[in-house]
Amino acid sequence: MNNLAPLGAEMPVWAKEDEGFHVPYWVFQREDVLEMENERLFQGETWNYMCLEAELQSPGDFVAVHVGETPVIVTRDHDGEIYAFENRCSHRGSLLALEDRGNVKDFTCVYHAWTHSLQGDLVGIAFKDGIGGKGGMEKDFCMNSVGPRKLRVANVDGLIFGSFDEDVDDIEDYLGEEVLDRIHRVLEGRKMVVLGRFTQVLPNNWKLYVENTKDSYHASILHTFFTTFELNRLSQKGGIIVSPNGGCHVSYSEIDQIAEAEKAKNTIYSDQNIRSQSDLQLADKSLLASFKEFDDDITLQILTVFPGFVLQQIQNSIAVRQVLPKGTDEMHLKWTYIGFEDDTTEQRRARLKLSNLIGPGGYVSMEDGCIGGFVRRGTKGASDNNAVLEMGGRSIEGGDDRITEASIRGFWAEYRMRMGL
Amino acid sequence: MNIHVRQAEVSALISAAQARYVREIDDGDCTAWPNFFVDDCFYTITSADNYAQNLEAGLVWLDSKDMLRDRILSLLEANVYERHSYRHMIGQPFVGELEGDEVDSETSFMVARITREGPTDLFATGRYIDRYRIVGDEAKIVSRTVVLDSNQIDTLLGFPL
Ligand code: FES
Ligand SMILES: [Fe+2]
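In short, a report on the structure.

Reading guide: rules and limits
Residues numbered from 1 in each chain as written. Chains lettered and ligands numbered in written order. Predicted model: local features only at pLDDT ≥ 70, side-chain atom pairs only at ≥ 80, totals over all residues. Heavy atoms only, no water. Contact = heavy atoms within 4.5 Å. Buried area = accessible area lost by both parts, 1.4 Å probe. Salt bridge = Lys/Arg side-chain N within 4 Å of Asp/Glu carboxyl O. Polar contact = N/O pair within 3.5 Å; in protein donor to acceptor, adjacent residues only side chain to side chain. Helix = DSSP H or I, 4+ residues; strand = E, 2+ residues; numbered from the N terminus. Nonpolar A, V, L, I, M, F, W, Y, C, P; charged D, E, K, R; others polar. Pairing = 2+ DSSP bridges. Disulfide = S-S within 2.5 Å. 1 Å grid on protein atoms, 1.4 Å probe; cavity = no way out; pocket = protein on both sides within 12 Å on 5 of 7 lines; lining within 4 Å. Points joined across faces, edges and corners; volume = space filled by probe spheres on them. Patch = residues over 30% accessible without salt bridge, like charges linked within 9 Å, V, L, I, M, F, W, Y side chains within 5 Å. Areas by Shrake-Rupley, 256 points an atom, 1.4 Å probe, with all protein chains shown as cover. Lys, Arg positive; Asp, Glu negative; His and termini not counted. Charge placed at Lys NZ, Arg CZ, Asp CG, Glu CD. Buried < 20%, exposed > 50% of the residue type's maximum accessible area, 1.4 Å probe, protein only. Core = buried A, V, L, I, M, F, W, Y, C linked by side-chain atoms within 4.5 Å. Phe/Tyr/Trp six-rings, centres within 6.5 Å; stacked < 30°, edge-to-face > 60°. Lys NZ or Arg CZ within 6 Å of the ring centre and 35° of its normal. Donors = N, O, S within 2.8 Å, 3.2 Å for Na, K, Ca; no water. Tetrahedral: all angles 85-135°; square planar, octahedral: opposite > 155°, others 65-115°.

1. Quick look at the interface of chain A and chain B
Logical step 1: With 42 residues of chain A in contact, the opposing surface of chain B contributes 37 residues.
Logical step 2: Counting the surface lost from both chain A and chain B, the interface buries some 3,400 Å², and carbon and sulfur atoms represent 54% of this.
Logical step 3: There are 5 salt bridges connecting chain A and chain B.
Logical step 4: For E56 of chain B, the salt bridge is made with R348 of chain A, and the minimal N-O distance between the two is 3.2 Å.
Logical step 5: On the surface where chain A and chain B come into contact, there are 26 residue pairs in polar contact (both at pLDDT 80 or more).
Logical step 6: For the side of chain A that touches chain B, the secondary structure elements donating two or more residues are strand 12 (192-202), helix 7 (225-228), strand 18 (331-340), helix 9 (345-354) and helix 10 (366-378) of chain A.
Logical step 7: No other element matches strand 12 of chain A, which puts 9 residues into the side of chain A that touches chain B.
Logical step 8: In the side of chain A that touches chain B, the residues fall into 21 nonpolar, 12 polar and 9 charged.
Logical step 9: As paired elements, strand 12 of chain A and strand 8 (residues 152-154) of chain B share 3 bridges and run parallel to each other. Looking across to strand 8 of chain B, one finds that T199 of chain A is bridged to Q152 of chain B.

2. A closer look at the state of the cysteines
Logical step 1: Across all of its chains, the model carries 0 disulfides over all chains by this definition.
Logical step 2: Here C51 of chain A stays free of any disulfide, with the sulfur of C248 of chain A as its closest cysteine sulfur at 19 Å.

3. Some remarks on the layout of surface pockets
Logical step 1: Of the voids in this model, the largest pocket is the one considered here, and its volume is about 1,400 Å³.
Logical step 2: Lining the largest pocket are 48 residues, and of these F226, N232, S253, T299 and L300 of chain A sit closest to its centre.
Logical step 3: The set of elements that each furnish at least two residues to the lining of the largest pocket consists of helix 5 (206-213), helix 6 (219-222), helix 7, strand 14 (249-255), strand 15 (298-305) and strand 16 (309-314) of chain A.
Logical step 4: Element by element, the count of residues in the lining of the largest pocket is highest for strand 15 of chain A, at 4 residues.
Logical step 5: For the second largest pocket, the calculated volume is near 910 Å³.
Logical step 6: Lining the second largest pocket are 39 residues, with P203 of chain A together with R113, D121, D154 and T155 of chain B sitting closest to its centre.

4. Observations concerning a negative patch on the surface
Residue and element names in this part refer to chain A.
Logical step 1: Taken together, the side chains of E45, E166, D167, D169, E172 and D173 define an acidic patch exposed on the protein surface.
Logical step 2: Assignment of secondary structure puts D173 in helix 3 (residues 171-175).
Logical step 3: D173 gets classed as exposed once you look at its relative accessible area, which sits at 55%.

5. What to know about the nonpolar core
Logical step 1: One finds V74 and Y415 of chain A together with Y43 of chain B to be the most contacted residues of the largest nonpolar core, which totals 142 residues.
Logical step 2: At 7 residues, helix 1 (residues 3-27) of chain B tops the list of elements feeding residues into this core.
Logical step 3: The residues contacting Y415 of chain A, other than those within four sequence positions of it, are W14, V27, V33, E37, L41, W206, K207, F306 and L421 of chain A.
Logical step 4: Core analysis: the next-biggest nonpolar cluster, separate from the first, contains 13 residues, F62, F107, W114 and L122 of chain A among them.

6. Let's talk about the packing of aromatic side chains
Residue and element names in this part refer to chain A.
Logical step 1: Within this structure, the stated rule accounts for 29 aromatic pairs over all chains.
Logical step 2: A centroid spacing of 5.3 Å and a plane angle of 80° characterise the contact between F62 and F107, whose relative ring orientation is edge-to-face. Linking F62 in strand 3 (residues 61-67) with F107 in strand 7 (residues 107-108), this pair joins segments that are 45 residues apart in sequence.
Logical step 3: Look at F62 and you get buried, because its relative accessible area is 5%.
Logical step 4: An angle of 65° between the planes, with centres 5.4 Å apart, marks the rings of F225 and F229 as edge-to-face. For the pair F225 and F229, one class covers both residues: buried.
Logical step 5: Ring-pair connections join several aromatic residues into one group, and the members of that group are W14, F28, F42, W206, F306, F411, W412 and Y415.
Logical step 6: One cation-aromatic arrangement involves R190 over F340; the distance from NZ or CZ to the ring centre is 3.6 Å.
Logical step 7: Lying across the ring of W14, R416 places its NZ or CZ 4.0 Å from the centre.

7. A short note on the coordination of the iron ion (ligand 2)
Residues and elements named next belong to chain A.
Logical step 1: Around the iron ion (ligand 2), the protein contributes the donor atoms H218 (NE2), H223 (NE2), D368 (OD) and D368 (OD), at 2.1 to 2.4 Å from the metal centre.
Logical step 2: In this structure, the iron ion (ligand 2) is coordinated by 4 donor atoms arranged in irregular fashion, with angles at the metal of 58 to 151°.
Logical step 3: Counting gaps between the donor residues of the iron ion (ligand 2) yields the pattern H-x4-H-x144-D. Here H218 is found in the loop between helix 5 and helix 6, whereas its partner D368 is found in helix 10, with 150 residues between them in sequence.
Logical step 4: Since its relative accessible area comes to 12%, D368 is described here as buried.

Here it is as structure tokens:
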């Protein structure tokens, strides 16, 4: 399925001076790169989104998720704390949880019934002392010496992140103040509820989707829904923020009140001229009916956390997306659509309607799901060529311009640093 | 009229409507798709997991016939995707008891997708959970919840199911 170089062939060299503005296509194609990613990114000093706190309400609640390609269980124990550990039995490695979510008192493996606590400790072995003096484990066997690896857990406004590396930076430093503020902006102090979950299967390497979410340059070009139906009536301004290491970003747009005031002043004279150019109209515009949710004018905010997390606010459509590699040529994009406990019926309805914009069939995101596949197919046989990411210069600095690839270059800068590539 | 005869008639009307429905999607251009619905209809696509847990969000979530029209208009005029088509196989509808002029119905389906450059793939399986209204000698959809069996959905869900 992939463009693997012959077995044993060494990984090519990615010139240091290319930084993040020239990216060779073999980075998306090679099995050995994926192996390195599992080890150095997903199990390295990074924070990986796992689930929402709202999915773990009561002691004993658990969800089975993935960090990179590694299966992980996240639980709430009776002390009220959240724990995470590999979904792997201490004995011979079977999955411990066979459901996506539920409430349990412990995790007893189906294979030979070794029992693990809600914190992932091995606490019981079936027939440990044998039967009638025969069989059983060696007397010096120590239950603490084995067990699934545990993850360090961080909770940011109800988003639960995990890290396999104890030495990872505190999440506040990892995100940087500006990105953290933008998470607070959407979620701080609010009680989330899950409105739905969908797993979209994309036919491409996971990094191609990450690039797409960080790509503020393509939005008005690839996605023609808003322009075709002339739905972007208000003047917009916006910009991007890139975290200190490069890998996290925020791209946003907001209503430009000054430009709007100017327009209002001139309306009397130009009324005839602002008639719609196109005769294509949506018959039911309630699709986009939104309500005032934030005390600013930001209508769109896409936020990513390195390596594979997205928090999205498109008007009142709030969702998180988790990017999971499945081999080199496939990935899963796990969407969780979010509402809040104090939503009114009308507000809830508005969120459900706006969610027509997102997901595999979304008016705006359906193209994003396919573009990675186009790149995968387009770059077959071009492993040693490279993508050009020089829009807006070569730096990874944010600014008030969205016609830039700065946040994608930022991703590659952090990627190269952590991979040692 | 004998209630059993009426019930059989209603089932036949629903089967006929569904046969025309899939023909419009698979072999037509979908522009007549909204006509299978009443004006204040509801149409959504979700997964069996979400449905079982009463989670309301859908991959598509439309609550008027105009929104259905807009969906097709957008697919034909605005959205960008690779050429593809569907082939629906639908089972016999399981039709409930007539309540006034409305009736519940459930139908299994399998959909194959044929994409440019690609083979014929099994795209989705699931069931339609429907409410029909009998208007004259036609069965019109009041509400259709498309419940996909798997929570994993291929990357492109363009045309309706
Ligand atoms: S593999 Fe789990 S008890 Fe043996
Ligand atoms: Fe996009």
